[in-house]
Amino acid sequence: MLSTAGCGLSLPEAGYGLEAPVQHHRFSPYTFNGGTVLAIAGEDFCIVASDTRLSEGYSIHSRDSPKCYKLTERTVIGCTGFHGDCLTLTKIIEARLKMYKHSNNKTMTTGAIAAMLSTILYSRRFFPYYVYNIIGGLDEEGKGAVYSFDPVGSYERDNFKAGGSASAMLQPLLDNQIGFKNMQNVEHVPLTLEKALQLVKDVFISAAERDVYTGDALKICIVTKDGIKEQTIQLRKD
Amino acid sequence: MPSTKMAPAPFSLPASPLINMATATSGTTSVRFAHAPPPFRAVCALPLTKMAPRPPHRRHFVGAEFPSPQLPGSKMALASVLRAELAEFSPNFPKNFPKNFPKNFPEDFPDDSEGIPEILRDPPGPPRVLAAPPWGFEAEPEGPGLQILHGTTTLAFKTPHGVTVAVDSRATAGSYIASQSVRKVLPIGGRMLGTMAGGAADCAFWQRLVARQCRVQELRNKEPVSVAAASKLLANLVYQYKGLGLSLGTMLCGWDKRGPGLYYVDSEGQRVAGAAFAVGSGSSYAYGVLDRGLAAAARSEEAACELARRAIAQAAHRDAYSGGCVRVMHVGPEGWREVSHHDIAELQEKYLE
């Protein structure tokens, strides 16, 4: 946005006293496009879900911009943050996956993709990709695996993680419902696919109520040993 | 810890062509990197780095590199991690591969860096892949960006049985607790541990690189690398990036032929040996408990581990940015092992009665 400082004659030497303070509007390479991503790992499945709203400031650019990208038959990545960096990062990951496939004649495993993403992100340590990533998929044993990242590549394997603009609202709810944190005398039942799906829908509906950047529609990718299935559910569009 | 001034580096930093910053910036439009980079996960606050003289203009490479003029004293650094796997995909690859590459690769391979094929050698200085945006960058971007406190408490101390290490497990991004289950102790080889404080990605990445270096050294010299050598490798690696905003405060703990070894290395360039350290935002609280019990802890390994656990629990109690669970590890002559893993909430019930 151009500065409109100093409208009218404002030469300092003219001495009119009309000089507005000079504003230096610096170019920022980043912007925040919103969105929320969630991943839950189960015994033999993994769910990666994201909303589909793309916003910038007070505007909505698109209602159909999902943030889950399929990488392999067993791995899905969700990227939120700055949409430009999300696109470039997923392009780089897909290229590296192809390179790996050609050199090693096998598909990259979920853990290997996570480790590779960490080095890709760190290679831009001093000009980071403004992306919050969550990788969800099945590991070599067929169990669900979720890896969450920060923008410069620190990562960790989890059972469930929320990332993006509504992450601070969703994560405590998941801690309570899936991790049974802060609950006493509760039986720790393992999570079934149906319960996980219902939880994901409820949790995103709640997020859409309270976060302006989350809404429009919810896209869910379910990763099982039979492949990746997708579902779309409508959310609040306001 | 009092900050010590680093003596001039004993090795010669490669001389890169220094462009006069005045002329470089006068030609370009004044676009400055104003927007703070995204808050990333950090494990502890370290003293803010002073603004270093801005580094010379570097081109931003993504992907395969063109071979560069080789200067003596090239250092193993990040570029080799990325370039090694991308080398085959470089457009110049078949032409660049040296003609006098030894036919019997393992036997004839000379041991010094000059014998390494050009394609595998690293260019001098911090690798260009980590370069700044073309308009330059600042170690401390303006705005609320990186001034936020992050938190951790890690400690380690030497006993006659080895080195006892204890860490908490909280990682914060601003005031949001990003994770309560971070592993802040990273194995370096089978006989050494490195603790993590500061930026989580920085610690994880550089320690992994040092682990790789240590492994290569072990294979070359046919004996395990010493703690002093590993800490020197790490210190020299991060010193190349001094002033650029890395945040790393790590303790290297191990057992080598000189007995227990403990070094503190940080991104300011400090590398000190010592008998006991606590690092992080909760370190003062941990020192209070640690110093009082050090003499008694030398009695037995269990006493040492209990002292370490108590010190971390105390720090987690008083420091808002430390918490999660306490992990106690021990490094002895036969290697490292995890001693215990307790949730701090349970420990506090036990200690505060």
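These numbers were taken from a predicted model, which means no experiment stands behind them.

Definitions and cut-offs
Residues numbered from 1 in each chain as written. Chains lettered and ligands numbered in written order. Predicted model: local features only at pLDDT ≥ 70, side-chain atom pairs only at ≥ 80, totals over all residues. Heavy atoms only, no water. Salt bridge = Lys/Arg side-chain N within 4 Å of Asp/Glu carboxyl O. Helix = DSSP H or I, 4+ residues; strand = E, 2+ residues; numbered from the N terminus. Buried < 20%, exposed > 50% of the residue type's maximum accessible area, 1.4 Å probe, protein only. Phe/Tyr/Trp six-rings, centres within 6.5 Å; stacked < 30°, edge-to-face > 60°. Lys NZ or Arg CZ within 6 Å of the ring centre and 35° of its normal.

Engineer: Honestly, the pattern of salt bridges in this entry has me stumped. Any pointers?
Structural biologist: Where charged atoms of side chains with opposite charge meet at close range, the side chains can pair. Residue and element names in this part refer to chain A. Enumeration over the complete set of coordinates arrives at 17 salt bridges over all chains. Where R157 meets D139, a salt bridge forms, and the shortest distance between an N and an O atom there is 3.1 Å. With R157 in strand β9 (residues 155-158) and D139 in the loop between β7 (131-138) and β8 (144-149), the pair connects residues that are 18 residues apart, well separated along the chain. Taking relative accessible area as the criterion, R157 reaches 40% and is therefore assigned partly exposed.

Engineer: Can you walk me through unusual backbone geometry in this structure?
Structural biologist: Negative phi values dominate among residues other than glycine, just as trans dominates among peptide bonds. Look at A:F180: it is not a glycine, yet its phi comes out positive at around 55°. The residue A:F180 is located in the loop between α3 (167-177) and α4 (193-210) in this model. Residue classification places A:F180 among the buried positions, given a relative accessible area of 15%. Phi is positive for B:K222, which is not a glycine, with a value near 55°. Within the secondary structure, B:K222 is located in the loop between α5 (200-221) and α6 (227-239).

Engineer: Just to check I follow, could you spell out the packing of aromatic side chains for this structure?
Structural biologist: Two aromatic rings, taken as a pair, are described by how far apart their centres are and by the angle between their planes. Within the structure shown, the criterion is met by 14 aromatic pairs over all chains. Between B:F205 and B:W206, the ring centres sit 5.4 Å apart and the planes meet at 85°, which makes this aromatic pair edge-to-face. Comparing B:F205 with B:W206, the two get one shared label, buried. Each member of the aromatic cluster is reached from another via a ring pair, and the members are A:Y30, A:F32, A:F82, A:F127, A:Y130, A:Y132 and A:Y213. Lying across the ring of A:F127, A:R124 places its NZ or CZ 4.8 Å from the centre. Between A:R124 and the ring centre of A:Y129, over which it is positioned, the NZ or CZ distance is 4.4 Å.

Treat this as a map of the structure, not an account of what it does.
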